[in-house]
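Fold and contact review
In case you want the letters, here they are:
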Amino acid sequence: MARSPIPSNILDMSPALALGPGWERQIDEERLRAGRELARQQRVSQLEVSEGGRRLSAQVSAGKNRDYQVRVRLQLQIAAGPRILGECSCGGGERCEHVAAALFAGLNDGGTIF
């Protein structure tokens, strides 16, 4: 699979986000697809990862004066992996496409998952 370049607005991010394989199953397929596209279009900015990769905050631009503030907390669960607890100013719920976009961008530290 070909790898996409790392978007320039997240090159300085550290530490890596604490997500493992399968996190995508927690987000609706349509929202996941939309979030991946927003991240590919480099619509994620002001990305900050903290608390050892368990917290993330970002701004996601959805076009014409529609910027949303996103915060994500990863609740670590030994058997099931981290649970995604997101908040977005769009009002679309804890796992909206803007949360997905921020997660894709947060995972893009030193490589890409696109």
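A brief report on the enclosed structure follows. (Residues numbered from 1 in each chain as written. Predicted model: local features only at pLDDT ≥ 70, side-chain atom pairs only at ≥ 80, totals over all residues. Heavy atoms only, no water.)

1. Re the pattern of salt bridges
According to the stated counting rule, one finds four salt bridges in the structure shown. Between Glu29 and Arg33 there is a salt bridge, with its nearest N and O atoms 3.7 Å apart. Taken together, the positions of Glu29 and Arg33, both in helix α1 (residues 29-40) and four residues apart, correspond to about one turn of that helix. Residue Glu29 is classed as exposed on the basis of its relative accessible area of 57%. Between Arg95 and Glu94 there is a salt bridge, with its nearest N and O atoms 3.5 Å apart. (Salt bridge = Lys/Arg side-chain N within 4 Å of Asp/Glu carboxyl O. Helix = DSSP H or I, 4+ residues; strand = E, 2+ residues; numbered from the N terminus. Buried < 20%, exposed > 50% of the residue type's maximum accessible area, 1.4 Å probe, protein only.)

2. Considering the nonpolar core
Ranked by internal contacts, the top residues of the largest apolar core, which has 29 residues, are Trp23, Ile84 and Leu103. Breaking this core down by element, the ones donating at least two residues are α1, β1 (44-50), β2 (55-61), β3 (67-75), β4 (83-88) and α2 (97-107). Per-element accounting of this core gives the leading share, eight residues, to α2. Once residues within four sequence positions are removed from consideration, Leu103 is found in contact with Leu17, Leu19, Trp23, Ile27, Val72 and Ile84. (Core = buried A, V, L, I, M, F, W, Y, C linked by side-chain atoms within 4.5 Å. Contact = heavy atoms within 4.5 Å.)

3. Let's talk about the sheet that holds β4
Where strands meet in a sheet, backbone hydrogen bonds hold them as pairs that are either parallel or antiparallel. Strand order in the open sheet made by the four strands is β1-β2-β3-β4, with antiparallel pairing throughout. Each edge of the open sheet carries a strand with a single partner, namely β1 and β4. Ignoring strand direction, the axes of neighbouring strands in this sheet form an average angle of 15°. Relative to β3, β2 runs antiparallel, the two being bridged by seven bridges. Along β3, the bridge assignment pairs Ser61 with Asp67. (Pairing = 2+ DSSP bridges. Axes fitted to C-alpha atoms, helices over the stretch in contact; angles between N-to-C directions.)

As far as function goes, none of this settles anything; it's purely spatial.
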